Amino acid sequence: ILILLAFVVPALSGCASVSKLWPFHGKKVQKEAPKTEEQLQEEANRDFRKGRFTLAEEVFQKIKDRYPFSPYATIAELRLADCKFFKEEYEEAIPLYEEFERLHPTHSYMPYAIFQEGTCYYRLMASPDRDQSFTHKAIETYERLLRRYPDSPYSFEAKRRVRKARD
C-alpha cells in the first residue's frame, strides 16, 4: 500500500500530471454558435419534407420560442399544426390551426389553414350510426372557407367534402 501511495500521490498533486490525467485541462471547450432563424427554418423544412414530423415539430417549436416576432415564427405556427396533421393527430392539430386563424386573420395562408382544420374534422368523421359532431364541424369549417375565400384553390374540394359529409 505504501508503494502504491508513493506513486499515486505525486501523480495527482502536480499540475503537469493533472493535465495528463484530465484531457480537457487547459483547453477551451468550443460551444456551438446558436443557429439563426433561417438555419432553423431550413432544418425544420428539410425534416418536414423527408417526413420526419416529430423532428420538424421540435425545430418549429424552437423557432416559435426563440424568435416569436419573426415571420418565420408565423410559418412555424402553421407547420406545427401540419406536423400534427401528418402524424394523424387530428385532435391536436385542430386547436393549432384555430390559433393560427385567430392570431393571423389576414395571412395569405389563411385559406389553407381553414381547409386543413376542416380536413381534420373530415378525417375524424364517424359512420352515420355514430356521433356526428365532427361531421357538423367539418361542414361548418368548409362553409366558412367557402364564404370567406370562394375563389381559393381549396374551394372545389371543400364543396365536394361538404356534399359527402351531408350524405
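Structure: see above.
So, a few notes on the structure that sits alongside this text. Residue positions are given per chain, counted from 1 along the sequence in the order it is written. With pLDDT at 70 or above as the cut-off, local features in this predicted model cover only qualifying residues; side-chain atom pairs require 80 or more to be listed or tallied, and sums for whole chains, interfaces and linings still use all residues. Think of the side-chain values as coming from all heavy atoms in the structure, minus any hydrogens and water.

Focus on the overall build of the protein chain
Let me state the cut-off plainly: In DSSP terms, a helix is any run of H or I states spanning at least four residues, a strand is any run of E spanning at least two, and both are numbered starting from the N terminus. Three exposure classes are used, based on accessible area relative to the maximum for each residue type with a 1.4 Å probe and protein chains only: buried under 20%, partly exposed in between, and exposed over 50%. Whether two residues touch is decided by their heavy atoms; if any such pair falls within 4.5 Å, the residues are in contact. Method for areas: the Shrake-Rupley scheme with a 1.4 Å probe, in which residue coverage is limited to the protein chains shown.
In terms of regular secondary structure, the protein chain is built from 9 helices and 0 strands. Reading the protein chain from its N terminus to its C terminus gives the helix and strand order α-α-α-α-α-α-α-α-α. Buried positions account for 37% of the 167 residues belonging to the protein chain. In the protein chain, 47% of the contacts between residues at least 6 apart in sequence involve partners at least 24 apart. When the accessible surface of the protein chain is split by element, carbon and sulfur atoms take 57% of a total near 11200 Å².

Here's the deal with the nonpolar core
Side chains that are nonpolar tend, in soluble globular proteins, to be buried together. In plain terms, the rule: Put simply, buried Ala, Val, Leu, Ile, Met, Phe, Trp, Tyr and Cys residues joined by side-chain atoms within 4.5 Å make one nonpolar core.
Leu-78, Phe-85, Tyr-97, Ala-113, Cys-120 and Tyr-142 are the most contacted members of the largest nonpolar core, which has 25 residues in total. Those elements that provide at least two residues to this core are α5 (71-86), α6 (90-103), α7 (110-124), α8 (133-148) and α9 (155-166). In this structure Tyr-142 touches Phe-115, Gly-118, Thr-119, Tyr-122, Ala-158, Arg-161 and Val-162, once residues within four positions along its chain are discounted. Listed in part, the 11 residues of the second largest apolar core include Leu-40, Phe-48, Phe-53 and Cys-83.

Here we look at the pattern of salt bridges
Filter applied, for reference: What counts as a salt bridge is simple: a side-chain nitrogen of Lys or Arg found within 4 Å of a carboxyl oxygen of Asp or Glu.
Within the structure shown, the criterion is met by 14 salt bridges. Here Lys-87 ties to Glu-89 by a salt bridge, and the two come within 3.9 Å at their closest N and O atoms. Judged by its relative accessible area of 24%, Lys-87 falls in the partly exposed class. Assessed through its relative accessible area of 25%, Glu-89 is described here as partly exposed. Taking the shortest distance from any N to any O, the salt bridge between Glu-140 and Lys-137 comes out at 3.6 Å. In this pair, Glu-140 and Lys-137 are both assigned in helix α8, 3 residues apart and thus about one turn of the helix distant. The exposure class assigned to Glu-140 is partly exposed, which follows from its relative accessible area of 41%. Linked by salt bridges that have partners in common, Glu-57, Lys-84, Lys-87 and Glu-89 make up one network.

With respect to empty space enclosed by the protein
Basically, it comes down to this: Both cavities and pockets are sets of points on a 1 Å grid over the protein atoms alone; in a cavity a 1.4 Å probe fits but cannot get out, in a pocket the set is open with protein on both sides within 12 Å along at least five of seven lines, and lining residues sit with an atom within 4 Å of a point. Grid points are joined across faces, edges and corners, and a volume is the space filled by probe spheres set on the points.
Scanning the entire structure with this criterion turns up 1 cavity of 30 Å³ or more. In this model, the largest cavity occupies a volume close to 30 Å³.

Considerations on the environment of Pro-68
In this fold, Pro-68 is placed in the loop between α4 (53-66) and α5. Overall, the relative accessible area of 45% leaves Pro-68 in the partly exposed class. Beyond its immediate stretch of four places on either side in the chain, Pro-68 contacts Ile-63 and Ala-73.

Quick word on the packing of aromatic side chains
So the rule is basically this: Think of it this way: a Phe, Tyr or Trp ring, Trp meaning its six-membered ring, pairs with another when their centres are within 6.5 Å, and the plane angle makes it stacked under 30 degrees, edge-to-face over 60, tilted otherwise. Charge over a ring is defined by NZ of Lys or CZ of Arg lying within 6 Å of the ring centre and within 35 degrees of the ring normal.
A complete count under the given rule lists 11 aromatic pairs for this structure. Among the aromatic side chains, those forming a connected cluster through ring pairs are Phe-48, Phe-53, Phe-60, Phe-85, Phe-86 and Tyr-90. Lying over the aromatic face of Tyr-122, Arg-161 brings its terminal NZ or CZ to 5.0 Å of the ring centre.

Brief notes about the environment of Ala-81
Relative to the assigned elements, Ala-81 resides in helix α5. A residue is classified by how much of its surface remains accessible, and Ala-81, at 0% relative accessible area, is buried. For Ala-81 and Glu-57, which are 24 residues apart along the polypeptide, the C-alpha to C-alpha distance reads 8.8 Å.

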